Every structure is written in structure tokens, then in C-alpha cells.
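Residue-level listing of the chains:
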Amino acid sequence: MPDAIEVRKVPLKNVSDASGLADLIDAGVLEADRVIAVIGKTEGNGGVNDYTRIIADRAFRDVLVAKGTRDSGAVMQVPIVWSGGTDGVLSPHATIFATLPSDHPGVRTGRDEPRLTVGFAMSEPVLPEDIGRTPMIHKVVDAVKIAMECAGISDPDDVHYVQTKTPLLTIHTIREAKSRGMTVWTEHTHESMDVSNGTTALGIALALGELDEVTDEQVMHDRSLYSSVASCSSGVELDRAQVVVVGNAVGIGGRYRIGHSVMRDAVDADGIWAAIRDAGLDLPARPRPEDLQGRLVNVFLKCEASQDGQVRGRRNAMLDDSDVHWHRQIKATVGGVTAAVTGDPAVFVSVSAAHQGPDGGGPVAAVVDLGNGEPTGYPAPAAG
């Protein structure tokens, strides 16, 4: 049985700030050697040349080395997923997942109920010519299944969130593939971000039984195919699929539980509330941020501009805007909607959601604190 999980969210005071992680370790909330995953937002441009992700990654890994016993090689194996771009009110932050020792007092609670569990795996190397095609999909399928096993999850219905980081295409990798006589799905590096994310999401859907099969022709073209729990990011940091599976299992114990839902469009606040309810919080029919009472640790969303250029029958200009890419516009929009629900701008909202939730919407996962005593989430102050 996997260990129980402690999960906390910390702000990033600047792009190289990992003091929140260090403070948690110093306070004994978690141990450096037990940190198993970090998922966060940085303030870069979210594009191919967003190096804030690399800077934040280095800062967090340096803390894990300095305050633990693992060497740099072992710490490099910890999945740390950064999504660049905090457009609008979104605030840079990191959500840290760590295991608890078996003698920790918190482990004894919640053992008879579903509680948060986390598993991790790395795929086989993803070649440039794999991106956007079934070889990448099947590599993701294999990695998801390994991560589920690591998390102690056998039923796909117990998986509520799959966060991945995969390679995208760069001028260098495109040139390298061509030198071997291979072709790539696109030679536009920014577009390859969407392609990599969408391909990965289809692999997650296959692994969890949300889909039965996928062909090369359906990738990025048939948007009726999607996963309700996939949250896929891509970047230049790695050459394979990094997969973090988050779900619930009975017997693990701990304070936390995760649930999920989907936003049907960019302004579907009810989809966010549905994920929070699914995680186990008892809320009124028309909830407000103060009803969360510090019990919400974080929400994780993907978003995408609808392919028809509309939201609820009203047209918008996001897909036609030559000044500001639609990635940044939809991220700011959904970030604002999410912050209005949670009362906290430090929420994980990531763009490029092809095959992740319905077209124009996206998946939502919520981690809540169901433990006794003082809640560990963010008690949002009043407006103003």
C-alpha cells in the first residue's frame, strides 16, 4: 500500500523563489526526501522559449538537495511540472506532494475512506517523429498504467487527475528527425505544443478506458475525443513523457481527497464547483468562496479557445487576434473565472487543452482537506 500524502500550496515570490518549500521542510510539515511531485505556475510567456520553468525547476531541486539526503541525480528523478504563463490575475505558485511516514499521526485518519494517492512514471523516449502520432500515444498509455500501479490504483474510475509534461518540437529536433529521413507532424514549434499535449491526452484516455482506440487521422482533428482527467503540458526540458497520476484509494489514510469534473466552456464556473463537490466538500446549492473555509488546497484546470470562435453563442476574436495569441487570452479568462470561484488567484490554469475536456472547455481537478483541526488550504481574505 502506498504511503499517505501531504499536499501544500506555496506562493512564488519571484521566479527563482523556493522559500515556501524550504519553510515547509524547516517547519517539519514535510520531509525533503519524501517530496514526490511538484506542480506549479511560473510567470513566463508559456511558450517554447519560456525559461522561467527551468529557473524555477532548478530552485526547487536545489532545496531538495540541500535539505535532504538524496543526491542531485536522485532529485532529478522527482517529477516537477511547471506551466508557464500567469496571465491576468493568475499568481505564481507551486503545489507540493510528499509522502508521510507510517508513524505520522495524520496517517491514522481517513483509512476507511478514499484518500489522496500519487503515482509517477516516465515513458520511453518520445522521438520528434512520434509527436502527434500513435507511437507517442502508446508510450503514454504504458507510462500511465505504471503510474497507476505505483499509486495503488487498479480501477481507472479512481483516477481524477493525470498531469504530464512532454517534449515539443524545436528547430533542432525537427532538423535531427529530418537528418534520419523522418517527417514531423508540424514544423511550427509553437503549434507543436498543442500537438504534443493533445497526443498525450489521447494516450491518457486510452489508458483509462475513456476511449477504445485512436488513429493518426483523429489526432487534433476529432475534438469529440477527449479525456476528462488529462492535464498535459509540454516544453523543452525533457525528451519523454513525465506522468503523474493523482487519485484516491481506500486504506492509505491522510487528510486529503481529490475529485474532478469538466468545464463545458470558458465561463462554466459550475464545472469548477462540481469538481470541488466531487472531492468531498459539502457545499450549499449556490456556493461562494467563503463556503470553502480554507478546505480547498488547489484546483487544476486546462483551457482552450473553442474552435468555432464562440462562447455561449457570442463570437469572440481570440483565434483571429494577431497581437495577442489566443493561448494568453483564454488563460487569463479562465484564470479570472477560477479565481472568482475560489477567492484565490494562485490556481493552476494551463492552456492548450486539445483532447482535454470538451472543445472550448477543459478538465478540472480539485484537492480538498477533509481532516480534523485547522484546515491547510488558503483562507481567502475578503474582496478589496
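Check the entry above for the structure.
Bear in mind that the values here come from a model prediction, so they are computed numbers and not experimental data.

Remarks on the pattern of salt bridges
For the structure on display, the rule yields 22 salt bridges. For Arg-180, the salt bridge is made with Glu-129, and the minimal N-O distance between the two is 2.8 Å. Here Glu-129 lies in the loop between strand S5 (114-125) and helix H4 (134-151) and Arg-180 lies in the loop between helix H5 (171-179) and helix H6 (189-207), a separation of 51 residues in the sequence. Between Asp-130 and Lys-139 there is a salt bridge whose closest N-O contact spans 2.7 Å. Overlapping salt bridges bring together Asp-3, Glu-31 and Arg-34 as one network.

So, the sheet that holds strand S10 (residues 296-303)
Overall, mixed pairing links the four strands, which are arranged S9-S14-S10-S13 in an open sheet. Every interior strand has two partners, whereas the edge strands, strand S9 (256-263) and strand S13 (348-351), have only one. Going from strand to strand, the sheet's axes swing by 15° on average, the running direction of each strand aside. Sheet topology note: the S10/S13 ladder contains four bridges and is parallel. Bridge pairing in S13 places Phe-300 opposite Phe-348.

Some points on the pairing of strand S8 (residues 240-250)
The buried count for S8 comes to nine of eleven residues, which makes it a mostly enclosed element. As paired elements, S5 and S8 share ten bridges and run antiparallel to each other. Counted as the bridge partner of Pro-125 is Arg-240 from S8. The pairing of strand S6 (residues 159-167) with S8 spans six bridges and is antiparallel. Bridged to Val-162 within S8 is Val-245.

Thoughts on the side chain of Ser-352
With respect to the helices and strands, the residue Ser-352 is situated in the loop between S13 and strand S14 (362-369). Under the relative-accessibility criterion, Ser-352 is labelled buried at 0%. Among the polar contacts made by the side chain of Ser-352, one reaches the side chain of Asn-197 at a distance of 3.0 Å. Excluding residues that lie within four positions of it along the chain, Ser-352 makes contacts with Met-193, Asp-194, Asn-197, Cys-232, Lys-302, Cys-303, Glu-304 and His-327.

Reading guide: rules and limits
Residues numbered from 1 in each chain as written. Predicted model: local features only at pLDDT ≥ 70, side-chain atom pairs only at ≥ 80, totals over all residues. Heavy atoms only, no water. Salt bridge = Lys/Arg side-chain N within 4 Å of Asp/Glu carboxyl O. Helix = DSSP H or I, 4+ residues; strand = E, 2+ residues; numbered from the N terminus. Pairing = 2+ DSSP bridges. Axes fitted to C-alpha atoms, helices over the stretch in contact; angles between N-to-C directions. Buried < 20%, exposed > 50% of the residue type's maximum accessible area, 1.4 Å probe, protein only. Polar contact = N/O pair within 3.5 Å; in protein donor to acceptor, adjacent residues only side chain to side chain. Contact = heavy atoms within 4.5 Å.

In short, shape yes, function no, at least from these values alone.
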